[in-house]
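Here is what each chain is made of, one letter per residue.
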Amino acid sequence: PANGFTTLAQTSTGSKSYPHDIAFSGNTAYVALNGSSKLWIMNAATLVKTGEIDLSAYTPAGASTPSVDRLWLDENTGRLFVSLERIVYANYMPSIDYSSVIVIRTSDNTIEKEIKLQWDSNGSTVNALNPYSKFVYASSSAWEKGDGHAHLFILCAGLYNADYSDKKDGGI
């Protein structure tokens, strides 16, 4: 109110849904629900749910959701990037086999592909675990000696046990 901001509308996303992020494409809002396997599609003006995208296929064994976290919309291509933490809690200790980014075509709200946040290092797979930051876009012109195309970055916090043993590195 002090800065002229007011609440125009509000709606519930459900008990234990834990909304984490929102992205807009015209009058459509995409809502990341960390406590659900669904990515909500809503009318941005009315906040009426108009659909959902099922991400349950990316839920790791032992978890109830894929831990949907952050969203970024590429307005030029109409692709929505969705980070999945894929956290499993067993005996109050988190574990992650791998984390990923799902690419969705907003023209028909279908999943295009999964990008696993991992790479090869001398024959061993290295995982960037637990993406937690907003996506950061860097255009091809942002690179002095770049490779000629844009990049999309997300920070991954990694994972630690309560006593900081069994540290698993994060990454960018």
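Counting of residues starts from 1 at the beginning of each chain's written sequence and follows it residue by residue. For this predicted model, a pLDDT threshold of at least 70 governs which residues receive local features, and a threshold of 80 or more governs which side-chain atom pairs are given and counted, while totals over whole chains, interfaces and linings are taken from all residues. Water and hydrogen atoms play no part in the side-chain values, which are based on all heavy atoms of the structure.

Mind laying out the pattern of salt bridges, listing which residues take part and the relevant values?
Each reported salt bridge corresponds to a side-chain nitrogen of Lys or Arg within 4 Å of a carboxyl oxygen of Asp or Glu. According to the stated counting rule, one finds 8 salt bridges in the structure shown. Of the charged contacts, one joins Asp-54 and Lys-38 as a salt bridge, the two residues approaching to 3.5 Å between their closest N and O atoms. With Asp-54 in strand 4 (residues 49-54) and Lys-38 in strand 3 (residues 38-43), the pair connects residues that are 16 residues apart, well separated along the chain. Think of it in three bands: with a 1.4 Å probe and only protein chains considered, a residue is buried below 20% of the maximum accessible area for its type, exposed above 50%, and partly exposed in between. For Asp-54, a relative accessible area of 38% puts it in the partly exposed group. A relative accessible area of 24% places Lys-38 in the partly exposed class. The numbering of helices and of strands both runs from the N terminus, where a helix is a DSSP run of H or I of at least 4 residues and a strand a run of E of at least 2.

An account of the sheet that holds strand 6 (residues 79-84) is requested, with residue identities and associated values reported.
Note: two strands are recorded as paired if DSSP finds a minimum of 2 bridges between them. Reading across from one edge, 5-6-9-10 is the order of the 4 strands in this open sheet, with antiparallel pairing throughout. Of all strands in the sheet, those with a lone pairing partner are strand 5 (68-74) and strand 10 (110-116), marking the two edges. Within this sheet the neighbouring strands show an average axis-to-axis angle of 20°, counted without direction. Note on method: axes are straight lines fitted to C-alpha atoms, helices fitted across the in-contact stretch only, with angles between N-to-C directions ranging 0 to 180 degrees.

Talk me through the confidence of the model for the protein; I want residue IDs and the actual numbers.
Note on scores: pLDDT gives the predictor's confidence for each residue, bounded by 0 and 100. In the predicted model, the protein carries a mean pLDDT of 85, and 88% of its residues have values of at least 70. In the model of the protein, strand 8 (residues 93-95) stands out as the element of lowest mean pLDDT, 66, in contrast to strand 4, which has the highest, 97.

Account for the nonpolar core, with residues named and values stated.
Proteins that are soluble and globular tend to have nonpolar side chains buried together. Throughout this description, the term nonpolar core refers to a set of buried Ala, Val, Leu, Ile, Met, Phe, Trp, Tyr and Cys residues connected via side-chain atoms within 4.5 Å. The biggest cluster of nonpolar side chains holds 16 residues, and the ones touching the most others in it are Leu-39, Leu-55, Leu-71, Leu-80 and Val-82. Those elements that place two or more of their residues in this core are strand 2 (28-33), strand 3, strand 5, strand 6 and strand 9 (100-105). The residues touching Val-82, leaving out its near neighbours within four places in the chain, are Leu-39, Leu-55, Val-68, Arg-70, Leu-71, Ser-100, Val-101, Ile-102, Ile-104 and Phe-135. With 9 residues, the next largest nonpolar core counts Phe-81, Ala-128, Phe-135 and Cys-156 among its residues. It only takes one pair of heavy atoms within 4.5 Å for two residues to be counted as in contact.

Outline the environment of Ala-57, listing residues and values.
Secondary-structure assignment places Ala-57 in the loop between strand 4 and strand 5. Distance from Ala-57 to Ser-37, taken between C-alpha atoms, is 8.6 Å for residues 20 residues apart in sequence.

Residues and numbers for the sheet that holds strand 2, please.
Read from one edge to the other, the open sheet built from 4 strands follows the order 1-2-3-4, with strand pairing classed as antiparallel. One side of each edge strand has no neighbouring strand; the edge strands of this open sheet are strand 1 (19-25) and strand 4. If you compare each strand with its neighbour and ignore which way they point, the axes differ by 25° on average. Pairing of strand 1 with strand 2 involves 6 bridges; the strand directions are antiparallel. Note on strand 2: the bridge partner recorded for Pro-19 is Leu-33.

Run through the packing of aromatic side chains, naming residues and quoting values.
Only rings of Phe, Tyr and Trp enter the pairing, Trp through its six-membered ring, and a pair is recorded when the two centres are within 6.5 Å. The plane angle decides the type: under 30 degrees is stacked, over 60 is edge-to-face, the rest tilted. A complete count under the given rule lists 2 aromatic pairs for this structure. Seen in terms of ring centroids, Trp-72 and Phe-81 are 5.8 Å apart; in terms of plane orientation they differ by 45°. Their pairing is tilted. The same class applies to Trp-72 as to Phe-81, namely buried. With 5.4 Å between their ring centres and 10° between their planes, Trp-72 and Tyr-137 make a pair best called stacked. Here the residue Trp-72 occupies a position in strand 5, and Tyr-137 occupies one in strand 13 (residues 136-138), the gap between them amounting to 65 residues. Aromatic rings pair up to connect Trp-72, Phe-81 and Tyr-137 into one cluster. A positively charged side chain is recorded as over a ring if its NZ (Lys) or CZ (Arg) lies within 6 Å of the ring centre. The angle to the ring normal must also be within 35 degrees. Positioned above the aromatic ring of Tyr-98, the side-chain terminus of Arg-86 is 3.9 Å from the ring centre. Here Lys-116 stacks its cationic end above the ring of Tyr-98, 4.5 Å away from the centre of that ring.

Requested: an account of the pairing of strand 6, with residues and values cited.
For strand 6, the tally of buried residues reaches 5 of 6 residues, placing the bulk of the element in the interior. Both strand 5 and strand 6 contribute to a ladder of 5 bridges, which runs antiparallel. In the sheet register, Asp-74 faces strand 6, and the bridge partner there is Arg-79. Hairpin connection of strand 5 to strand 6: 4 residues between the antiparallel strands, including Gly-78 at a positive phi of 75°. The pairing of strand 6 with strand 9 spans 6 bridges and is classified as antiparallel. Bridge pairing in strand 9 links Leu-80 to Ile-104.

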